[in-house]
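Descriptive structure summary
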Amino acid sequence: MATRTIACLATAAILSSCASLDATPEPSSPEVAMEEALERSVQREGIFGGEPISYTAAVEELDLPARDERPAANLVSFSYVADSPTAGAERPVLFVFNGGPISASLWLHIGAVGPKRVSAPYDLSAPVDEFELVDNPHAPLDVADLVFFDPASTGFSTVAEGGDPTAFFSIEADAAQFVDFIEAWLERHDREGAPIYILGESYGTMRAAEAAGQLAEPGGPPPADGVFLMGQAVNIIEYAQRRQNIISYVVSLPTLAAMGWEQDRVVRKGRSFETFIADATAFGETDYLTALFQGNRLEGDELRRIADKLEEYTGIPAAYYVENRLRISKEQYRRELLKAESKVLGRSDGRYVGGDPQSDASGVVTQAYLTSFTRYVSEVFDLEIDESYRTLAEVGGLNAWGWGEASPFGHFDYSVRLEKAFEANPDFRLLVGNGYHDTMTTVGAADYLVAQADWPMDRVRLSYYQGGHMAYSSDESAEAFGQDIRDWIAGGEDWANGGE
C-alpha cells in the first residue's frame, strides 16, 4: 500500500488547535493536490467496555456537492465500525470533532475516543517522550460506531479546486457542512436510520449545538439523539474577563480553587477536593457575587471578609484581592500564584507548571498527542506526515469568523439551538463535561450554562473531570469520560442529574 505523509505544523499552531479561542495560528504550508486516493481500511480487534470487538478501521473520502453558498468539498474522515452480528442500521453512530475554529479531530481521536489513546505520566513534569500510546479499553466502540469529522481545510479535508474556503467560516455554514457530512456518511453506509450522537469539544460545542438545531429542522437527516458538550463554549460568558463582567469572576472561581488545591496553596480545613470545590462554588454564587455587584460601595470589614475567603479558596493574599477590587482574572492567577518561585501555571491545564509566562506549560500534552497520532496513522493506515494534513485551518483570527455578531462575545449564548433538538426528539439527551483545571472553558461556566437553560432537566447531565481542557489525558479521567459516553448513549431513568 502506498505511503502518504501528514503535515506537522509549528508548535504555536499545534497548541492552539486544541481550541483556544483567542489564539491565532501561524501560517502553514499551502494545500497540495493528492496524488492518489486516501481511502483504505483494515481489520482490527480490541477490548472495549470489557467486550471483545472486531471492527473495521477506515480512512474515507466523501465528496460533498456545492450547496447554497457553500462550495463543493472533499471530506476525509477516520471511522471505526464494529463487525459484530449485532451491528446494523439501528446501531448508534457517534460523530466526534474538536474545536479551533477550526481544527482536525486528532485530539479527541488519539486522546480519548479512538481505539488507541495517549496516556500521560502521573508526574506532570515528565517530558513528552514519557507519554505512552496504549490500547484504549474506554473507547465506546462497544455501544456505538465512531466517526471523526475533519471540516474542509483541516486534516486531509479540502475545499474543491476554485472554491472559497472562507464560505465555511461561520457558525451556521460550518455546522451545515457537518450536517451534510452526516447525511452523506449515513447514506454511504446504509445507516440512514441510525441514532445520531454528537461529541464536540471547545469551539466544537458551538458546532454541535448549531448542528443539532439544524438536524431538528425537516428535510434532512433525522434529529440527533444526543449531544455531548466537552469544554463547552456555547455560553462564552466568562471567556473575555472584562472587569465589568462580574459573572466571569464568579464562574471562574471554582477553577482557581482547583488549581490552588493542586499546588497546595489553599486552606483545606480537612475537606475533600469535592467538598472544597463545592464550598468555593457556593461562596462565589452568594457572597462573592453580591460583593462584586456592590463594587466600590463595598468597604471596611465586609470587604476584608470577602478578600479573606478568596484567599482561603485560591491561595492569593487577601491584600492583593483588595488592591484589585476582588477581581483576579484566570490569566492573572496563572502568573500570580507561584510568582515568588518564578513559575506560571498552564493555560490549557492548570495542573502543569512552567517557567515561561509566554508559553503554556501544559502544551506538552498536545505535543505528545500529535507525535502519537503521527505514529498511529503510520502504523495502522500506512499514512505518514507531509504538508497535505493540517491540524488547524488558516482562518485568520477571531474577526475572520462569522459568529452571527461582531465577535463570539457579542452573542454569547449559542446554546439556544439545543432547544430545537430537545423539542424534535423526546429522547434527546445532553451531556455537558468539563475539566476542573481548564482555564479556557471552566466548570463554573458549564454549571452556569445548565442553571440558566430552559431545557428539560430530566434529559441533562453535568460531569466534571480531574484535568484540564483535555482532561481525558489522565488515565482516571479517560475511564470516567468513556463511561460517561456509554451511559449517555444508553440513557436510563437515573442517567440525568439536571446539573446537580
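Residues numbered from 1 in each chain as written. Predicted model: local features only at pLDDT ≥ 70, side-chain atom pairs only at ≥ 80, totals over all residues. Heavy atoms only, no water.

A closer look at the overall build of the protein
Under the convention used in this document: Helix and strand labels come from DSSP, where a helix needs a run of H or I of at least four residues and a strand needs a run of E of at least two; each type is numbered from the N terminus. Radius of gyration: C-alpha atoms only; globule rule: 2.2 Å multiplied by the number of residues to the exponent 0.38. Contacts are assigned to residue pairs that have any heavy atoms within 4.5 Å of one another. Every accessible area reported is derived by Shrake-Rupley at a probe size of 1.4 Å, with residue values counting cover from the shown protein chains alone. For the charge count, each Lys or Arg is scored as positive and each Asp or Glu as negative, with His and the chain ends excluded. Every charge is mapped to an atom, namely NZ of Lys, CZ of Arg, CG of Asp or CD of Glu.
Counting its secondary structure elements, the protein contains 13 helices and 14 strands. For the protein, whose C-alpha radius of gyration is 22 Å, the value lies close to the compact-globule estimate of 23 Å for 500 residues. On the principal axes, the C-alpha backbone points of the protein span a range of 70 × 45 × 45 Å. A sequence separation of at least 24 residues applies to 73% of the contacts in the protein between residues at least 6 apart. Roughly 19,200 Å² of accessible area belongs to the protein as shown, and the carbon and sulfur atoms make up 47% of that amount. Averaging the positions of the 38 positive and the 79 negative side-chain charges in the protein gives two centres separated by 7 Å.

Points about unusual backbone geometry
Of all residues except glycine, most have a negative phi; of all peptide bonds, most are trans. That bond from Gly100 to Pro101 is cis: its omega, -10°, falls within 30 degrees of zero. Cis geometry marks the peptide bond from Pro101 to Ile102; its omega dihedral reads -15°. Relative to the elements of secondary structure, Ile102 occurs in the loop between β4 (93-97) and α2 (106-113). The phi torsion at Ser153 lies on the positive side, around 85°, for a residue other than glycine.

Looking at helix α3 (residues 171-188)
Put simply, the rule reads: Take the number of residues in a helix, subtract one, and multiply by 1.5 Å to get its expected span. Throughout, exposure labels follow a simple rule: accessible area from a 1.4 Å probe, protein chains only, divided by the maximum for the residue type, with under 20% read as buried, over 50% as exposed, and the rest as partly exposed.
Across its 18 residues, α3 extends 26 Å between first and last C-alpha, which sits within 8% of the 26 Å expected from 1.5 Å per residue. With 14 of its 18 residues buried, α3 lies for the most part within the structure. Asp190 occupies a position one or two residues after α3 and carries a positive phi of about 55°.

A closer look at the nonpolar core
The condition that has to hold: The term nonpolar core refers to a set of buried residues drawn from Ala, Val, Leu, Ile, Met, Phe, Trp, Tyr and Cys, joined through side-chain atoms within 4.5 Å.
One finds Phe95 and Leu430 to be the most contacted residues of the largest nonpolar core, which totals 60 residues. If you tally residues by element for this core, the top one is α3, at nine residues. If we skip the residues at most four places from it in the chain, Phe95 touches Val147, Phe178, Phe181, Ile182, Trp185, Leu186, Ile196, Tyr197, Ile198 and Leu199. Counting 58 residues, the second largest nonpolar core, distinct from the first, contains Val42, Val76, Ala139 and Val364.

Some points on the packing of α2 against helix α10 (residues 363-381)
Quick reminder of the rule: Note on geometry: axes are C-alpha line fits, over the in-contact stretch for helices, and angles between N-to-C directions span 0 to 180 degrees. Each angle receives one of four descriptions, namely roughly parallel if under 35 degrees, roughly antiparallel if over 145, roughly perpendicular if within 65 to 115, and oblique otherwise. Three classes are used, and their members are as follows: Ala, Val, Leu, Ile, Met, Phe, Trp, Tyr, Cys and Pro are nonpolar, Asp, Glu, Lys and Arg are charged, and the others, Gly among them, are polar.
It is at 9 Å that the axes of α2 and α10 come closest, and there the two elements cross at 90°. Between α2 and α10, the interaxial angle falls into the category roughly perpendicular. Facing Leu106, Trp107, His109, Ile110 and Gly111 of α2, the residues of α10 in contact are Thr366, Tyr369, Leu370, Ser372, Phe373 and Tyr376. Classifying every residue of the contact of α2 with α10 gives seven nonpolar, four polar and no charged.

Some points on the packing of aromatic side chains
Both the distance between ring centres and the angle between the ring planes are used here to describe each pair of aromatic rings. For clarity, the threshold we go by: Centres within 6.5 Å make a pair out of two Phe, Tyr or Trp rings, where for Trp the six-membered ring is used; the pair is then stacked when the planes are under 30 degrees apart, edge-to-face when over 60, and tilted otherwise.
Taken as a whole and assessed by the stated rule, the structure comprises 33 aromatic pairs. Consider the rings of Phe228 and Phe481, whose centres lie 5.3 Å apart with planes at 35°: the pair is tilted. Placement of the pair is Phe228 in strand β10 (residues 226-230) and Phe481 in helix α13 (residues 475-490), with a sequence separation of 253 residues. On the basis of relative accessibility, which here comes to 0%, the residue Phe228 falls in the buried class. Taken together, the aromatic side chains of Trp261, Phe273, Phe276, Phe283, Tyr288, Tyr313, Tyr436 and Tyr464 make up a single cluster linked through ring pairs.

Side note on the packing of helix α5 (residues 246-262) against helix α7 (residues 300-314)
Interaxial distance between α5 and α7 falls to 7 Å at its minimum, and their mutual angle equals 55°. The orientation of α5 relative to α7 falls into the category oblique. When α5 is examined against α7, the residues Leu253, Leu256, Ala257 and Gly260 are found in contact with a partner set consisting of Leu310, Tyr313 and Thr314. Tallied by class, the residues present in the contact of α5 with α7 amount to five nonpolar, two polar and no charged.

Considering the confidence of the model for the protein
Rule in force here: The quantity known as pLDDT measures the predictor's confidence residue by residue, on a range of 0 to 100.
Per-residue pLDDT for the protein averages 90, and the proportion of residues at 70 or more is 91%. This stretch, residues 1-35, has a pLDDT under 50; its non-local contacts, to residues over four places away or in other chains, come to 104 contacts.

Here we look at the pattern of salt bridges
Counted only if it meets this: One speaks of a salt bridge when a side-chain nitrogen belonging to Lys or Arg is within 4 Å of a carboxyl oxygen belonging to Asp or Glu.
Under the defined criterion, the tally for this structure stands at 29 salt bridges. A salt bridge links Lys116 to Asp135; the shortest N-O distance between them is 2.6 Å. With Lys116 in strand β5 (residues 116-119) and Asp135 in strand β6 (residues 132-135), this residue pair connects regions lying 19 residues apart in the sequence. Residue class for Lys116 comes out partly exposed when judged on its relative accessible area of 29%. The exposed category is assigned to Asp135, whose relative accessible area is 56%. Among the salt bridges present, the one from Lys309 reaches Glu312, with a minimum N-O distance of 3.2 Å. In this pair, Lys309 and Glu312 both sit in helix α7, three residues apart, roughly one turn of the helix. Residue class for Glu312 comes out buried when judged on its relative accessible area of 8%. One network of salt bridges, in which partners are shared, links Arg67, Asp68, Arg70, Asp180 and Glu183.

Considerations on the environment of Arg70
Spelled out, the test is: Pairs of N or O atoms within 3.5 Å make up the polar contacts considered here, provided that, within protein, one atom can donate a hydrogen while the other can accept it, and that residues adjacent in sequence are counted only when both atoms are side-chain atoms.
For Arg70, the position within the fold is in the loop between β2 (51-64) and β3 (73-82). For the pair Arg70 and Ala167, spaced 97 residues apart in sequence, the C-alpha to C-alpha distance is 5.6 Å. Within the structure, Arg70 has its side chain in polar contact with the side chain of Asp180 (distance 2.8 Å).

Here we look at the side chain of Ser415
By the secondary structure assignment, Ser415 is in the loop between α10 and α11 (417-424). Within the structure, the side chain of Ser415 is placed 2.3 Å from the side chain of Asp413, a separation counted as a polar contact. Residues within four places of Ser415 in sequence aside, it is in contact with Val234, Leu449 and Trp455.

A few points about the side chain of Thr439
Summarising the element assignment, Thr439 is placed in the loop between β13 (429-435) and α12 (443-452). Only 2.6 Å separates the side chain of Thr439 from the backbone oxygen of Arg347, close enough to count as a polar contact.

Notes on the environment of Lys420
Inspection of the secondary structure puts Lys420 in helix α11. Through-space distance from the C-alpha of Lys420 to that of Gly467 is 32 Å; in sequence the pair is 47 residues apart. Here Lys420 is in contact with Gly213 and Ala216, once residues within four sequence places are set aside.

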